[in-house]
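Chain by chain, the residues:
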There are 2 protein chains.
Amino acid sequence: MSSSESLSTRIAGLLLDANAIQLRPEEPFTWSSGWKSPIYCDNRVTLSYPETRKVIRNGLAEAIREHFPNANALVGVATAGIAIGALASDALNIPYAYCRPKPKEHGMKNQLEGRLDKNSRVVVIEDLISTGGSSLKVVEYLRGEGIQVEGLAAIFTYGFDQSVKAFEKANCKFITLSSYQSLLEVAESREQINHDQLEVLQKWSADPEHWLD
Amino acid sequence: MSSSESLSTRIAGLLLDANAIQLRPEEPFTWSSGWKSPIYCDNRVTLSYPETRKVIRNGLAEAIREHFPNANALVGVATAGIAIGALASDALNIPYAYCRPKPKEHGMKNQLEGRLDKNSRVVVIEDLISTGGSSLKVVEYLRGEGIQVEGLAAIFTYGFDQSVKAFEKANCKFITLSSYQSLLEVAESREQINHDQLEVLQKWSADPEHWLD
């Protein structure tokens with residue numbers, strides 16, 4: 001428990017260092033969903049930092065070994081999960097594929113790219129859990145194709161109740177390397193945020209959809 | 001020369017083994033561009049074969065060291081080049097990003113994902129060179145952003161004159177691990193195709209756009 005807790009805070013620190021996560025409680029971001037938010041997270045930028053990328057790759061591989069010991073293949077969620085999923089599958093030396101939450105609009109209209117046999121027991125790889133919607137579309141698609149889904153592993157979660165409930169409803173185990181809670185701890189201990197800002201950030205995560213209503 | 005020739009035929013053989021490349025001179029495929037073709041190539045399936053994936057990853061890393069010694073970052077072309085580009089950047093331990101041939105339609109409308117500094121000298125990574133169109137869109141985009149493009153590396157090329165001319169015109173060096181020519185040699189030596197089929201396949205590559213006209 002303590003070792004995984006320390007990985008969680010370590011990765012939260014690395015995401016802050018890389019500016020993959022930005023906190024702006026006073027000047028909220030507007031997400032593409034329209035939600036106003038004091039945080040913006042883009043884990044793809046970690047691909048540009050080889051040392052951070054390696055910690056995340058190895059962290060995912062280790063977490064998959066521990067939490068999904070029966071997995072024999074990984075599937076990255078397109079597009080943000082493709083690269084880091086490939087790296088984790090390389091570290092584990094197991095087959096890899098990637099999957100779009102919905103079919104491609106042109107060409108062969110493939111949703112899954114790669115080739116998984118029917119004995120595959122896959123872990124879906126995502127960069128970020130927000131509501132969980134697009135990840136779960138991939139889970140449903142794979143199950144519909146007769147592929148056994150062991151669960152999902154992601155780099156970071158905002159920790160929304162909505163996502164926890166969505167994964168429960170889909171009966172899909174999920175784990176993340178780091179979380180919003182660890183992020184706030186690190187940001188506070190580094191004095192990147194003060195007590196008032198911490199309260200704003202906590203209030204947001206409790207009800208992100210209606211935060212500024 | 002002989003060692004790179006043997007890598008070229010080795011990879012052609014692996015692509016045939018994985019059914020990443022299928023030859024059907026008697027029953028042509030229809031590509032999404034509308035072209036009729038006796039060959040279909042989907043290198044993404046190699047992601048599902050760890051040993052083949054490793055040969056391609058290491059082959060790309062080695063080719064980049066040899067042909068682009070000044071490169072200090074890689075950029076994968078979305079989506080088919082993202083995973084293999086990530087693996088090659090990991091093998092080389094250098095920064096990585098990926099780029100769409102055109103901007104994303106929703107959200108932040110990013111074209112480049114990841115973060116490259118202005119001193120980046122990048123090699124663009126593609127799975128397959130057909131006409132070269134989408135790869136060169138990424139090259140143009142990067143140059144427009146002030147990023148130095150050392151060239152492009154891909155797994156396979158159909159070897160069309162059109163692509164050679166397009167890269168020349170864009171003044172962009174490109175290399176591939178394997179080629180249509182190596183593929184035909186391997187397929188013939190394995191007796192997967194006979195002499196008549198070889199002729200059909202050669203005729204196609206000389207003028208793919210008007211092959212069946």
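On a predicted model such as this, the values are computed, not experimentally measured, just so you know.

For the rest of this paragraph, the subject is the pairing of strand β6 (residues 96-99) of chain B. All names here are of chain B. Because side chains alternate across β6, one face comprises the buried residues Y96 and Y98, and the other comprises A97 and C99, equally buried. Following the chain from strand β5 (residues 73-77) across helix α3 (residues 82-92) to the adjacent parallel β6, one finds a crossover that is right-handed. Judged from the two bridges that link them, β6 and strand β7 (residues 112-113) form a sheet pairing that is antiparallel. When the bridges of β7 are listed, C99 appears paired with L112.

All right, on to the pattern of salt bridges then. Residues and elements named next belong to chain A. By the definition in use, this model includes 15 salt bridges over all chains. Between R65 and E62 there is a salt bridge, and its shortest N-O distance comes to 3.1 Å. Within this pair, R65 and its partner E62 are both found in helix α2 (residues 50-67), separated by three residues, close to a single helical turn. With a relative accessible area of 46%, R65 lands in the partly exposed category.

This paragraph deals with the interface of chain A and chain B. Contact with chain A, which involves 36 residues of that partner, is made by 37 residues of chain B. Both faces considered, chain A and chain B share a buried interface measuring about 3,100 Å² in area, 48% of it formed by carbon and sulfur atoms. For the interface between chain A and chain B, the tally reads four salt bridges. Ionic pairing is found between R44 of chain B and E113 of chain A, a salt bridge with its closest N-O pair at 3.3 Å. Taken together, the connections running from chain A to chain B amount to 26 residue pairs in polar contact (both at pLDDT 80 or more). Mapped by element, the contributors of at least two residues to the side of chain A that touches chain B are α2, α3 (82-92) and β6 (96-99) of chain A. Looking at the side of chain A that touches chain B, the element that brings in the most residues is α3 of chain A, giving six residues.

All names here are of chain A. Taking 1.5 Å per residue, twelve residues should reach 16 Å; helix α7 (residues 195-206) reaches 17 Å between its end C-alpha atoms and fits that length. Within α7 the residues assigned to the buried category are Q197, L198, L201 and W204. Taken down its axis, α7 places every buried residue within 125° of arc, on the same side. Residues of α7 that are exposed and point more than 90 degrees away from the buried face comprise H195, D196, K203 and A206. The elements touched by buried residues of α7 are β1 (21-23), β3 (36-37), β4 (39-41) and α6 (180-189). With a side-chain oxygen lying 3.1 Å from the backbone nitrogen of D196, the N-terminal cap of α7 falls on N194.

It is worth spelling out the sheet that holds β6 of chain A at this point. The strands making up a sheet associate through backbone hydrogen bonding, with each pair oriented either parallel or antiparallel. All names here are of chain A. Read from one edge of the open sheet, six strands run β7-β6-β5-β8-β9-β10, paired in mixed fashion. With one partner strand each, in any of the chains shown, β7 (112-113) and β10 (174-179) form the two edges of the open sheet. When strand β8 (residues 121-129) meets strand β9 (residues 148-157), the two strands line up parallel, connected through eight bridges. Residue pairing across strands places E126 opposite A154, the latter belonging to β9. The strands that α2 touches are β5 (73-77), β8, β9 and β10; relative to β10, the one it contacts most, it runs at about 145°.

Of all hydrophobic cores here, the largest spans 113 residues; its most connected members are F156 and Y158 of chain A together with F156 and Y158 of chain B. Residues contacting Y158 of chain A, with those up to four places away along its chain left out, are W31, I39, Y40, C41, L128, I129, S130, Y180 and W204 of chain A.

About the thresholds
- Residues numbered from 1 in each chain as written.
- Chains lettered and ligands numbered in written order.
- Predicted model: local features only at pLDDT ≥ 70, side-chain atom pairs only at ≥ 80, totals over all residues.
- Heavy atoms only, no water.
- Buried < 20%, exposed > 50% of the residue type's maximum accessible area, 1.4 Å probe, protein only.
- Helix = DSSP H or I, 4+ residues; strand = E, 2+ residues; numbered from the N terminus.
- Right-handed = clockwise from strand over helix to strand, strands pointing away.
- Pairing = 2+ DSSP bridges.
- Salt bridge = Lys/Arg side-chain N within 4 Å of Asp/Glu carboxyl O.
- Contact = heavy atoms within 4.5 Å.
- Buried area = accessible area lost by both parts, 1.4 Å probe.
- Polar contact = N/O pair within 3.5 Å; in protein donor to acceptor, adjacent residues only side chain to side chain.
- Expected span 1.5 Å × (residues − 1).
- Arc of directions from axis to C-beta.
- Axes fitted to C-alpha atoms, helices over the stretch in contact; angles between N-to-C directions.
- Core = buried A, V, L, I, M, F, W, Y, C linked by side-chain atoms within 4.5 Å.

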